[in-house]
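# Structural overview for review
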Amino acid sequence: MASGIQWLDASFAALFGLLFGSFMNVVVHRLPKMMERQWASECASFSGTEPPVTEPFNLMEPRSRCPHCGHAIAWFENIPIVSYLYLRGQCSACKASIGMRYPLVELVTAALFFFCIWNWGVTPTGLMWCTFSGILLTLALIDWDTTLLPDDLTLPMLWLGLIAAHFQWTGISLQASLWGAIGGYLSLWSVYWAFKLTTGKEGMGYGDFKLFAALGAWFGGQALLPIILIASIVGTVVGIAMKINANLREGGYVPFGPFLAGGGFSALFFGTGTLQSAIGL
């Protein structure tokens, strides 16, 4: 039976998850744009031209603004969930609609943090799984929007998985974590090159290799097959549905990262052993 302390800890974690989810919305929107600016600056440097002069743009500045009218969002308009409900999902200046995804990301992050602390408490294990959940959800959203899986997130996630395994915070040994990372990367790398040599086309990006390696580092090599099966099956179903409804993007592609993330969350929620049993291993 759950104790009052367990409820209290998990509830505080959910509140922090709301705040973290709000920050994640900023990361999802701004990090790809920061990468594009960096690429433009590097291209200008390589071509011997002056890089474009732009105002500072990072995760902290400039202040968040309405994309429609440029209204600077005040602090009281940026309280997770509460501000969205108070503003009735509209900009306070121009009344343009605010997407439902913003509060949904906050709510989902709160639920993930609640789940992690409920199951593992306010311990290194619980905190690490909260971190894992936040990074993985951010990567899934960025990839869905832009087909990018930034190294700024995939590589720290990989290293955190190895560090957590070293301290026995994820229930697997460092050796299992290391071989999981190696197996995750090399398996998709091999598929990528087999597909490219056969068809002359690229079936996925290098970010997918790194994300799968990170999942291997967190769950070990035994989780790789269930995760990739879940990702492939769900990705295929979604891709077919999008094609039937003419919702495929230009080029007819569907980013794979969100489905890898879904496989990772399945391993987190149900456990690697349960997933292995489900596929007969």
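Since this is a predicted model, take the numbers as computed values, not measurements.

### What to know about helix H7 (residues 206-219)
- With 14 residues, H7 extends 20 Å from end C-alpha to end C-alpha; this agrees with the ideal 20 Å at 1.5 Å per step.
- For H7, a buried count of 12 out of 14 residues is recorded, marking the element as mostly surrounded by other parts of the structure.
- Gly207, Asp208, Phe209, Leu211, Phe212, Ala213, Ala214, Leu215, Gly216, Ala217, Trp218 and Phe219 are the residues of H7 that are buried.
- Buried residues belonging to H7 abut helix H4 (124-146), helix H5 (151-166), helix H6 (174-199), helix H8 (224-244), helix H9 (257-270) and helix H10 (272-278).
- Two residues or fewer past H7, glycine 220 is found with a positive phi of approximately 90 degrees.

### Points about the packing of aromatic side chains
- Applying the stated rule across the entire model yields 23 aromatic pairs.
- Each ring, one from tryptophan 7 and one from phenylalanine 114, has its centre 6.0 Å from the other, and the planes form 55 degrees; the classification is tilted. On the criterion of sequence distance, the pair formed by tryptophan 7 in helix H1 (residues 4-47) and phenylalanine 114 in helix H3 (residues 101-120) is long-range, its members being 107 residues apart.
- A connected cluster of aromatic rings, assembled from ring pairs, spans Phe115, Trp120, Trp129, Phe132, Trp218, Phe219, Phe265 and Phe269.
- Against the face of phenylalanine 57 rests arginine 30, its NZ or CZ located 5.4 Å from the ring centre.

### Describing the environment of alanine 165
- For alanine 165, the location among the structural elements is in helix H5.
- Placed 89 residues apart in sequence, alanine 165 and valine 254 show a C-alpha to C-alpha distance of 32 Å.
- Leave out the neighbours within four places in its chain, and alanine 165 touches Thr170, Ile172, Ser173, Leu174 and Ser177.

### A short note on the pattern of salt bridges
- In this structure the tally under the stated criterion is 2 salt bridges.
- Note that aspartate 145 and arginine 101 form a salt bridge whose closest N and O atoms lie 2.6 Å from each other. Residue aspartate 145 is found in helix H4, and its partner arginine 101 is found in helix H3; the two are separated by 44 residues along the sequence.
- Residue aspartate 145 is classed as partly exposed on the basis of its relative accessible area, which comes to 38%.
- Classification of arginine 101 as partly exposed rests on a relative accessible area of 35%.

### Considerations on the packing of H1 against H3
- Contact geometry for H1 and H3: axes closest at 6 Å, N-to-C directions at 145 degrees. Judged by the sense of rotation from one axis to the other, the crossing of H1 with H3 is right-handed.
- Of the residues contributing to the contact of H1 with H3, the split by class is 17 nonpolar, 7 polar and 3 charged.

### Topic: the side chain of arginine 30
- Position of arginine 30 among the secondary structure elements: in helix H1.
- No salt bridge is formed by the buried arginine 30. Its closest oppositely charged neighbour is glutamate 61, at 8.0 Å.
- Contact partners of arginine 30, with chain neighbours within four places excluded, come to Phe57, Asn58, Leu59, Met60, Glu61, Pro62, Arg63 and Ser64.

### Some thoughts on the state of the cysteines
- Tallied over the entire structure, the rule returns 0 disulfides.
- Just so you know, cysteine 116 is unpaired, no disulfide at all, and the nearest cysteine sulfur is the one on cysteine 130, 4.4 Å from it.
- On the accessibility criterion, cysteine 116 (0% relative accessible area) is buried.

### A look at H1
- When the terminal C-alpha atoms of H1 are compared, their 63 Å separation across 44 residues agrees well with the 64 Å that a helix rising 1.5 Å per residue should span.
- Taking the largest bend as the criterion, H1 deviates by roughly 30 degrees, centred on arginine 30, and proline proline 32 comes between one and four positions later.
- Looking one or two residues past H1, glycine 48 carries a phi angle of roughly 80 degrees, positive in sign.

### With respect to a nonpolar patch on the surface
- A cluster of nonpolar side chains, namely Leu225, Leu229, Ile233, Val234, Val237 and Ile279, defines an oily patch on the protein surface of about 490 Å² accessible area.
- By secondary structure assignment, the location of isoleucine 279 is in the segment after H10.
- On the basis of relative accessibility, which here comes to 36%, the residue isoleucine 279 falls in the partly exposed class.

Quick notes on the rules
Residues numbered from 1 in each chain as written. Predicted model: local features only at pLDDT ≥ 70, side-chain atom pairs only at ≥ 80, totals over all residues. Heavy atoms only, no water. Helix = DSSP H or I, 4+ residues; strand = E, 2+ residues; numbered from the N terminus. Expected span 1.5 Å × (residues − 1). Buried < 20%, exposed > 50% of the residue type's maximum accessible area, 1.4 Å probe, protein only. Contact = heavy atoms within 4.5 Å. Phe/Tyr/Trp six-rings, centres within 6.5 Å; stacked < 30°, edge-to-face > 60°. Lys NZ or Arg CZ within 6 Å of the ring centre and 35° of its normal. Salt bridge = Lys/Arg side-chain N within 4 Å of Asp/Glu carboxyl O. Axes fitted to C-alpha atoms, helices over the stretch in contact; angles between N-to-C directions. Left-handed = near helix turned anticlockwise from the far one by under 90°. Nonpolar A, V, L, I, M, F, W, Y, C, P; charged D, E, K, R; others polar. Lys, Arg positive; Asp, Glu negative; His and termini not counted. Disulfide = S-S within 2.5 Å. Bend = angle between axes of the 7 residues up to and from the residue. Patch = residues over 30% accessible without salt bridge, like charges linked within 9 Å, V, L, I, M, F, W, Y side chains within 5 Å. Areas by Shrake-Rupley, 256 points an atom, 1.4 Å probe, with all protein chains shown as cover.

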